Amino acid sequence: MNVLKQSEHNMKKLFIALLSVGFLASCTEVLEDVEPSTSVSFEAALTSPEAVDAIRASMYSKMRGSFDFTTEYFIGPAALADLTSNRPGSSRFQGLNEAVGTNGTTHIGSFGGYEVIQEANLLINGIADGVLDQATLDRYRGEAYAIRAFVNHRMAATYGYEPGTAAASSWDLSIILRQEATLDLAQAEPLPRSTISEVYAAIKSDIAQAKTLLAGVNGDNGYATEAFVEGVAARVHLYAGEYSQAAAAAEAAISKSGRALVATEEGVASMFRGKNPEALLELVIDPNTEPIAGSNTNSGPVAYTSDQWVAQVPTNQLVTKYEAGDWRVAGWHGDCITEQSVGATANGCETVNDLGVSITKFNGWKGNLSQDLTYMRIGEMYLILAEATAKASNNPSAGVPYLEELRTARGAGAVPAEATANMKAFEDFILDERVRELSVEGHRFFDLKRLERDIPNSDGGIKMRKDSYRLLSPFGIGAQNVNPLLVENPGYDVAE
Amino acid sequence: MKKFTFLLGALFVFTGLAVAQTATIRGTVSDVESGEGVPQANVFIVELLKGSAADFDGGYVINDVPYGDYTLRVSSVGYVTYEQSLTVDASLEVIDVSLQPDLASLGDVVVTGYGAIEKRELTGSISSVRTQDIEGVTLQSTEALLQGRAAGVTVSTTSGNPGGAFKVNIRGNGSINAATRPLYIVDGVQISFAQQSSNTSTTPLNSINPNDIESIEVLKDAAASAIYGAQAAAGVVLITTKKGRAGAVQIDANVERGVRNIANSVDYISSDEYVQYMAEGFAFNSGATAIDGSFDLQPYVDVYKNFFLSFFGADPSSEDGSQLANTNWQDFIFSEGVTQKYNISLSGGNAGTVFYISTGYEDTEGTAFGSDFTRLSLRTNVDQQIGDKVNASIALNLAQSTQFGVCQDGNYINCPPSQAMFEAPMSYPLNSDGSYNANTRFGLNTNPAVVENEVDRNVTVGFLTGRFSLNYNPFSWMSVTGLVGVDYRNTQDEQYRSPVAAPGQSGFLSYANRNVYNFNTSVVVNAQQTFNDVHNVEALIGGEYRRDYSESYGTRGDGFTGNFFTVLSATAEPVSAFGVNNEWRLGGYFINAKYNYDEKYFLSFVGRYDGHSRFGADNRWGFFPSISGAWRISEEDFFNADFVDELKVRASYGTTGNSAIGNYASRGLFSVSGSYRGASGITPNQLANGLLGWEQASEINIGLDYELLDGRIFGAFDVYRKQNSDLLFGRPLPGDSGFGSITENIGKVENRGFEAEFNSINVSTRDFAWSTRFNFALSANEILELPDGENIREASQFSSLQIGEPMGLIQVARWAGVNPADGRPMWYDGDGNITYRPQASSDAIDYKDGHAEFVGGFGSTVSYKGLSVDAFFQFSFGQWAHAGTDFYFTRTPDFLMNLNTEVLDRWKQPGDITYYPRAMEGGADFPETANYRVTESTQGIYNTSYIRLKNLNVTYDIPTSITDVIGVRGMSVYAAGVNLFTWTAWPWYDPEVAGSTTDIYGNQIYASYPTEKTFYGGIRLQF
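For the structure given in this document, a descriptive report is provided here. (Residues numbered from 1 in each chain as written. Chains lettered and ligands numbered in written order. Predicted model: local features only at pLDDT ≥ 70, side-chain atom pairs only at ≥ 80, totals over all residues.)

### Looking at the overall build of chain A
Helix and strand content of chain A: 22 helices and 9 strands. Scored against the burial criterion, the 496 residues of chain A give a buried share of 55%. If you take every contact in chain A between residues at least 6 apart in sequence, the share linking residues at least 24 apart comes to 70%. (Helix = DSSP H or I, 4+ residues; strand = E, 2+ residues; numbered from the N terminus. Buried ≥ 20, exposed ≤ 12 C-beta atoms within 10 Å, placed from the backbone. Contact = placed C-beta atoms within 7 Å.)

This is the structure:
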């Protein structure tokens, strides 16, 4: 009797407890206290030093991970012009080789650069005050300015004309400038394209900021350094036709980097088979855990050129430009085989070039079809010095010493006399030397475009005339649908 | 409380008096129609909480009943409960009771959200599958029991893998980017579907032994489901397990064994036919224009035979090496499996305690390569009455399942179902010395024999599902119920590949451990009162909280020296480690207010206010109301059709939510993104949308329940329209913002349909009984709104979403047949002219869709004396689909894989009218013609409509004359089959096309594990 009564009494208590739990637990605080395990809130990310380190890591990781700023960056301009062509049976970048219709420049669209810029913007203006010590913050911001300038410049070359060119006078729209981090929906709103002069001004402003913030930071070329900023400045001024500034910046890039040209046959041959001694910016990869362009084996530059697909093979326009004895021929080209994949073979290079070779600047020396990626090196600075010095003084001979310094380092002979006959001849020679030195390093199409030349085919014919609308990449209908302020480049009208 | 004390006091008084004046009540309980005894009928003296169970012949005895006036209550499943007044004194005589069979089910209790009501009081639309429908049906899983048995519930097998998953849709597909899985609740415990195995197809409902299921109710309309608020938009499935009943302990045991085979195999051509085919293709490509009697094909045959001998090697049993193998890869990959099941349950109890305990073990071998499913389950359901006001109840299920699975569902070169298509008959698994043939289609490491022997994909799942509830009745008109439910699940995925199967890694072992800690608790207060005998008022109010936390972590090691050790410690190097966790929480308050006037007019209001951690900070709580009413016309005075027992119309309207929008979809988030020089990266990958909320379903339902001819015919009709709005879509953002899109509530889909259930008891006599049941649902699906009014993937062949069209629209060019002049394939262009190069963008027509419009099931049971035969058919009409793997790989010899027999009806000479073009060496052989291999057209789209004999059971109850002798209460033997016959025009493995459990298109299938048919026999014993 008592037991029963007691238990019933206890039950009542239990019910009251249960009721309270049931009705009180369901309050909003409980519902909000749920956090994801592999994500953090915006607030947490922008106020913790570890998170800021991680944003910086992501900036470089995004660059290395994006197809736009790796395979397409390096090989696209060669394939879209005359330096590489697809090996029979492989189709990667065939669209660039053939450049039929809007196929072509579309493929070097570099909209993916904005993902890198988003990270740069976060570092530049998204970090709360006091999260990092000033020196570290300055350095990160300096790197962010440098990377933003670099990426914006490449996008500007893809979507707009260069300042001062004939085409620029009739079409002066360049890229959309995203200079603020997107932290909420309002900031993601559509922006219009800026003009060429606005974009170049913004890029130069970024360079100036970067120079200040990175002054004296030159120890590690796996991150943006002061020397890299000078290199970016040299490129930007060269594209803008500001030759004396370009030359000065190139000279500064060389001296601040503390690096020198590789000048032995063995050195040239091994230059791309390990840490590049000439690199101004060389993104580092862990071959086991980090992919290039999403997938080393499918989409990386190694897979495109020397392994896996062996898809883009040098043309005669490239391999016949070298003179006998130039160390760069044997050093940077190799048999038509897949370098890493055991037992795999490729053939058909001989149908693309008379030597039957493939390009081995991307050879996967780190394993897993990956290697550190050299975005800029002092070989390019010597070429900028030569071109800019000559053009600044309107005197071809003024550029010859820099050219010869480079050529000597590569086992090539003296600059022939006819190359200095006039500025046009000198520019022709510079273009050829840039092919010899910088093939598949991201320059060919853009060199021809900035110098207002026709874009040749791999057979020497003309692929796109210098006044073709197709020199500019279209933004595409998708981007326009989302952004009513976006004006499409001429020639790519929606009505087809 | 006073009453309680009084009662106890009274008991003591009676007990004290008992010494002097007690009597024994005895008698027989029998079936009024057959006259046979009703064994185990429960005979109970209400006032004394005292009773007993009838014996095998219906006889009962209750001893030591004090003199007095009582109510005697006799009940048994399947009979109308009988009550009579009784005066116990010296003159007491034998009391025999005849029970009226309860043919119909209006008095049946239907489990509803947070309660149970009698069917006649229902105002919403609920389909019930109950014990008697599924008794004796051996199916592995809960979802399979629903298939064809509940109108409006579409169940499709996604895998024939034993223990595999199902796609379950209640009243159509109401979402595009959020899940459309119903909410499953087992004995009050809401089941989590988080963190399932990635090794093979599986489902959390594998924890339930179907033998333990008492009933399954499907809450279909908003009136029935709105009380589950934000989780209810895709419908709710309530699973109730068996409970004990007061009376002697009953023991049920059953043993069953059977065999499984694939239900249907696909016909492929032989090696000789293959050579012949290739020779013809070669001849045509060499300039031949006809293969007729005068054409000498032999030189071409020789070329191909020799090529195949060098490519695949000679048949290992061919002594001179001149013969090609002719391997039937389907036979090699799919072989007979054995299934065995053992179940035992005990139930019983007394006035204070009732219990049901059971254990079951099942081991079912699948057909593909050692795939296997075992389940060991232990269940304890105990209800304890404490005093007369409190009842405690516990339902506890412990189960462990293991699955040896195979990979499936895709064009994967290492998955057995696709390998059955990828290996040509000329290829063979083993060399004559028993070693693996290295020349199978994709080389040694994917030789199907290697996949069979050198690859393990094991899944071990431990389940703990438990519910504890307390029910307190402070007054006769009021109850308070508290419930705590846990659903814990641990899944261990282990995948091993030997060095032979994974030469690149020298073998590897990957291991993943997945845990789900899912908890829900609720408190419900229920009160009801009747005023003036006619105004019945009832109110239920409650609160609930649920937390679903899940995690997974795992690692992989590469490099084994051999097959000796298959543990991580034996690997040469650890390669990767991962770990993530996930969580969501939900809190809600709900109310259900009901009123009925004289059980004639019914009105019910349900409201639920739910808050969810997934919803945006500015939209955290949502309100989900429904209102419904019913009118029992048959209770009206003016209604005088005697043959109608019950006629009730129902109407309901309400809204529910779909909270399956992603755990953190509303938040602004930085997520892990790559790494650089040893530092992990994070990147903003999602912008906050504080307004992001649930997808909302608004549904109107009108129904009619009927019962005719003393319950011989009964059923229901329902017509509904359900609109799901605020569907989740990613609204694209300018790419330069760094974000591709933001998730917002846009979009609208409608499902509408008509459902009917019909049951009849055609004959019910002492020796012979015959009943039938039939249900069907007609449904239509239509997309009403999409972001910015723009169709999505407008030109896509199989995944286009277009306003005004159903999901799963198929857009392909029309097939025009084979050109009789030259054997080329032909298609129609958009203008209806013959074309040889159809363009997807301009020539495709809106063809069919993957929506099954007419689904249901029908069955019949005939019994004569102890023998009964039950057949149940399930059907689906109107769905069309594309068998992707079969289409791309087995119609042309481009990859030298199996060729299906449709190539036999091929063009050979001018004038031939054929289904298939001329033989080809590759799909691109025809000049100026699209590649036949990859050109989608109406030729490759098939109707999946089918009628399937889902279950056939023959049971024989051994007569009591024998069972009495051997001392058992009952005994039956049975033989049965599952999926024995399927009538369909679908030529591939299985017409139940469902790409996955969440496939919304239903129009494509890629090499899924074929459905199996099972024969089994068993014996059931009752003690």
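### Digging into the sheet that holds strand 30 (residues 669-676) of chain B
Strands in a sheet are paired, the pairing made by backbone hydrogen bonds, and the direction either parallel or antiparallel. Within the open sheet, the 3 strands sit side by side as 1(A)-30(B)-31(B). Their pairing is antiparallel. Either end of the sheet is taken by a strand with one partner, and the two such strands are strand 1 (39-41) of chain A together with strand 31 (679-686) of chain B. Direction aside, the axes of adjacent strands within the sheet are offset by 40° on average. The pairing of strand 30 of chain B with strand 31 of chain B spans 6 bridges and is antiparallel. Of the residues in strand 31 of chain B, the one forming a bridge with Val672(B) is Ile682(B). (Pairing = 2+ DSSP bridges. Axes fitted to C-alpha atoms, helices over the stretch in contact; angles between N-to-C directions.)

### A few points about the pairing of strand 38 (residues 809-818) of chain B
Residues and elements named next belong to chain B. The element strand 38 is extensively covered by neighbouring structure, given that 7 of its 10 residues are classed as buried. Pairing of strand 38 with strand 41 (residues 844-849) involves 4 bridges; the strand directions are antiparallel. Considered in strand 41, the bridge of leucine 809 is made with aspartate 849. Between the antiparallel neighbours strand 38 and strand 39 (residues 825-828) lie 6 residues, among them glycine 823 with a positive phi of about 75°.

### Observations concerning the nonpolar core
The biggest cluster of nonpolar side chains holds 294 residues, and the ones touching the most others in it are Ala146(A) and Ala250(A). Ala53(B), Val97(B), Leu99(B) and Ala246(B) belong to the second largest nonpolar core, which has 20 residues in total. (Core = buried A, V, L, I, M, F, W, Y, C linked by C-beta atoms within 7 Å.)

### Things to note about the environment of Asp999(B)
All names here are of chain B. Structurally, aspartate 999 is set in the loop between strand 49 (970-984) and strand 50 (1004-1005). Taking C-alpha positions, aspartate 999 is 39 Å from valine 275, a pair spaced 724 residues apart along the chain. Among residues more than four places away in sequence, those in contact with aspartate 999 are Lys167 and Ala994.

### What about the interface of chain A and chain B?
The figure often quoted for interface size is the accessible area lost as the parts come together. On the chain B side, the residues contacting the 58 residues of chain A number 57 residues. For the side of chain A that touches chain B, the element with the highest residue contribution is helix 1 (residues 2-24) of chain A, accounting for 11 residues. For the side of chain A that touches chain B, the class distribution of residues is 33 nonpolar, 16 polar and 9 charged. Pairing analysis gives 3 bridges linking strand 1 of chain A to strand 30 of chain B, with the strands arranged antiparallel. (Nonpolar A, V, L, I, M, F, W, Y, C, P; charged D, E, K, R; others polar.)

### Focus: the packing of helix 18 (residues 378-393) of chain A against helix 20 (residues 423-438) of chain A
Residues and elements named next belong to chain A. Between helix 18 and helix 20, the least distance of the axes is 10 Å, while the angle of their chain directions is 175°. It follows that helix 18 is roughly antiparallel to helix 20 by the angle criterion. Counted together, Gly379, Glu380, Leu383, Ala386, Glu387 and Ala390 of helix 18 and Phe426, Ile430, Glu433, Arg434, Glu437 and Leu438 of helix 20 form the full contact between these two elements. When the residues that make up the contact of helix 18 with helix 20 are grouped by side-chain class, the tally is 6 nonpolar, 1 polar and 5 charged. (Parallel < 35°, antiparallel > 145°, perpendicular 65-115°, else oblique.)

### Thoughts on the environment of Ser393(A)
Residue and element names in this part refer to chain A. Among the secondary structure elements, serine 393 is positioned in helix 18. Judged by local crowding, serine 393 falls into the partly exposed class, with 14 C-beta atoms found within 10 Å. Taking the C-alpha atoms as reference, serine 393 lies 38 Å from arginine 64; in sequence the two are 329 residues apart.

### Comments concerning helix 12 (residues 243-257) of chain A
Residues and elements named next belong to chain A. Across its 15 residues, helix 12 extends 21 Å between first and last C-alpha, which sits within 8% of the 21 Å expected from 1.5 Å per residue. For helix 12, every residue scored as buried is listed here: Ala246, Ala247, Ala249, Ala250, Ala253, Ile254, Lys256 and Ser257. Against the buried residues of helix 12 lie helix 11 (226-240), strand 3 (279-283) and helix 18. Glycine 258, located one to two residues past helix 12, shows a positive phi value of around 70°. (Expected span 1.5 Å × (residues − 1).)

### Let's talk about the pairing of strand 5 (residues 68-75) of chain B
All names here are of chain B. Note: strand 2 (residues 42-45) against strand 5, 4 bridges, orientation antiparallel. Note on strand 5: the bridge partner recorded for phenylalanine 44 is arginine 73. Two elements, strand 5 and strand 6 (residues 82-88), share 7 bridges in a ladder whose sense is antiparallel. Counted as the bridge partner of tyrosine 70 is leucine 86 from strand 6.

### Section: the sheet that holds strand 40 (residues 834-835) of chain B
Residues and elements named next belong to chain B. In space, the 4 strands of this open sheet follow the order 40-39-38-41, with antiparallel pairing throughout. What marks the edges here is a single partner per strand, and that holds for strand 40 and strand 41. Alignment of strand 39 against strand 40, held across 2 bridges, turns out to be antiparallel. Bridging from a neighbouring strand, tryptophan 827 pairs with threonine 835 of strand 40.

### Here's the deal with the packing of helix 19 (residues 396-409) of chain A against helix 20 of chain A
Residue and element names in this part refer to chain A. Between helix 19 and helix 20, the shortest axis-to-axis distance is 11 Å and the interhelical angle comes to 15°. When the interaxial angle is binned, helix 19 and helix 20 end up roughly parallel. Seen along the crossing, helix 19 lies across helix 20 with a hand that is left-handed. Two secondary-structure elements touch here, helix 19 through Pro396, Gly399, Leu403 and Leu406 and helix 20 through Met423, Phe426, Glu433 and Glu437. Taken together, the residues of the contact of helix 19 with helix 20 sort by class into 5 nonpolar, 1 polar and 2 charged. (Left-handed = near helix turned anticlockwise from the far one by under 90°.)

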